[in-house]
Amino acid sequence: MLNKKISVIGLGYIGLPTAALIASRGYDVVGVDVNQNAIDTINRGEIHIIEPELDVVVRSVVTTGKLKATTVPEASDIFLIAVPTPFKEDKKPDLSYVEQATRSISKVLKKGDLVILESTSPVGTTDKMANWLSEERPDLKVPSSNSSISDIFLAHCPERVLPGHVLRELVENDRIIGGINQTSSQMAVDFYKTFVNGGCYITDAKTAEMAKLTENTFRDVNIAFANELSIICDHLDIDVWELIELANKHPRVNILQPGPGVGGHCLAVDPWFIVDSAPEHSRIIEMGRRVNDEKPNFVVDKIYSTFTLSSTPVIACFGASFKPDIDDLRQSPALSVILELARNTKNRVLVVEPNITKLPEALNSYENVELVSLQTALTDMEVGALLVAHKEFKEVKTALLQNPKVIQFVNF
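The shown structure was predicted, so the numbers you read here are calculated from the model rather than taken from an experiment.

### Quick word on the overall build of the protein chain
Stage number 1. Check the secondary structure of the protein chain and you find 15 helices and 13 strands.
Stage number 2. On C-alpha atoms alone, the protein chain measures out to a radius of gyration of 23 Å, which is about the 22 Å that the 2.2 N^0.38 rule sets for 412 residues.
Stage number 3. Dimensions of the protein chain, computed from C-alpha atoms along their principal axes, come out at roughly 70 × 50 × 40 Å.
Stage number 4. A total of 412 residues make up the protein chain; the buried ones form 53% of that total.
Stage number 5. If you take every contact in the protein chain between residues at least 6 apart in sequence, the share linking residues at least 24 apart comes to 70%.
Stage number 6. Seen as two clouds, the 41 positive and the 54 negative side-chain charges of the protein chain have centres 3 Å apart.

### Digging into the nonpolar core
Stage number 1. With 42 residues, the main nonpolar core has V29, L80, I116, F191 and Y192 as its most contacted residues.
Stage number 2. Here this core gets six residues from one element, more than from any other, and that element is helix α1 (residues 15-24).
Stage number 3. If near-sequence neighbours (up to four positions away) are discounted, F191 is found in contact with M1, I6, I22, Y27, I78, L80 and I116.

### A look at the sheet that holds strand β9 (residues 314-318)
Stage number 1. Taken together, five strands build an open sheet; the order of strands is β11-β10-β9-β12-β13 and the sheet is parallel. If you trace the sheet from one side to the other, it starts and ends with β11 (369-371) and β13 (406-408), each paired once. Here the average twist between neighbouring strands, direction ignored, is 20°.
Stage number 2. Summarising the sheet, β9 and strand β10 (residues 348-352) pair through five bridges and their orientation is parallel. Bridging from a neighbouring strand, F318 pairs with V352 of β10.
Stage number 3. In the packing of helix α12 (residues 333-343) onto the sheet, the strands contacted are β9, β10 and β11, and the crossing angle to β10 comes to about 160°.

Criteria and thresholds
- Residues numbered from 1 in each chain as written.
- Predicted model: local features only at pLDDT ≥ 70, side-chain atom pairs only at ≥ 80, totals over all residues.
- Heavy atoms only, no water.
- Helix = DSSP H or I, 4+ residues; strand = E, 2+ residues; numbered from the N terminus.
- Rg over C-alpha atoms; globule rule 2.2 N^0.38 Å.
- Buried < 20%, exposed > 50% of the residue type's maximum accessible area, 1.4 Å probe, protein only.
- Contact = heavy atoms within 4.5 Å.
- Lys, Arg positive; Asp, Glu negative; His and termini not counted.
- Charge placed at Lys NZ, Arg CZ, Asp CG, Glu CD.
- Core = buried A, V, L, I, M, F, W, Y, C linked by side-chain atoms within 4.5 Å.
- Pairing = 2+ DSSP bridges.
- Axes fitted to C-alpha atoms, helices over the stretch in contact; angles between N-to-C directions.

Pasting the structure below:
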């Protein structure tokens, strides 16, 4: 198996760690991305994202020639697609990146190749990939669920890793593998078992797609309960942190922690894929998603209502990423709070985010927003909002939690 060449399409938060890990196991790996800056960075043995220990692995495999990055797909034996699957403004799934990646590799496919979709996707996406490949390569027999005979093979194996722990979880976590046909499933299992210590469980492609959506939707709905509970407790003048701690002493209760909302490339997106597939049957899922989407508005209202602010208030936001100790701002509720505060140009908004060196593009047009140090924020702020539990904030939690100007929206 190690004599096979692997291509990883998409070198972001999932694709780059996956490519580096596979290369570290002895495979020759080609990473493909449309971002020329990312390509140049990786080929220097450096990384363009924050992920613990990833820089060491990338430097090693680039130096030994096991990993190279390019913008153009190359002939390989196994293709892993790990591109974004966002939603559009109407919450409809956007599969344009998956389609573009699929059609781009079709030009270099040959008989016997295996294509694996790792991107979290709506149910039916793997079947759509088969159709796209058939359109691009009518000379190749594309697999179907009705036949075990094909020239190429296609499977879905959704990533299941936690940012900040990706390299470890790529190896340790179980994998769900759904092939278009049984041969595709078995080929994918044989590949993953060369670097995955967790179990590899075979199912069909649709079930594999739905499994990942279900995992994230389960968490999203449970967080929605906690977030709604925090709003109720605020209305009733009850300490929600104490309440949850006490309720969780029941042996069969495990309420999650509320926060400023839910973010990231999975939890804030994936439930909408289920809603889109079966809108009339997804009432709890949709309501949970809306509760979490609306939580940043509660945070903003709380900031304005808690204090008597000056005519040009200085508001410090502690954290902008969607979870602690990473630089990923995708669908971040903290960023939503910052944007809403920034739109009121009378505010001076101080952003303390230790994992970034410049403000994201979404904030570039606001002259009243600054990226500042923790100390500057503590000194200059009129009111502060603790939005993300970064380790840097925990190190000075006394200064934050005992500061009467700071409102706590995450539990330290």
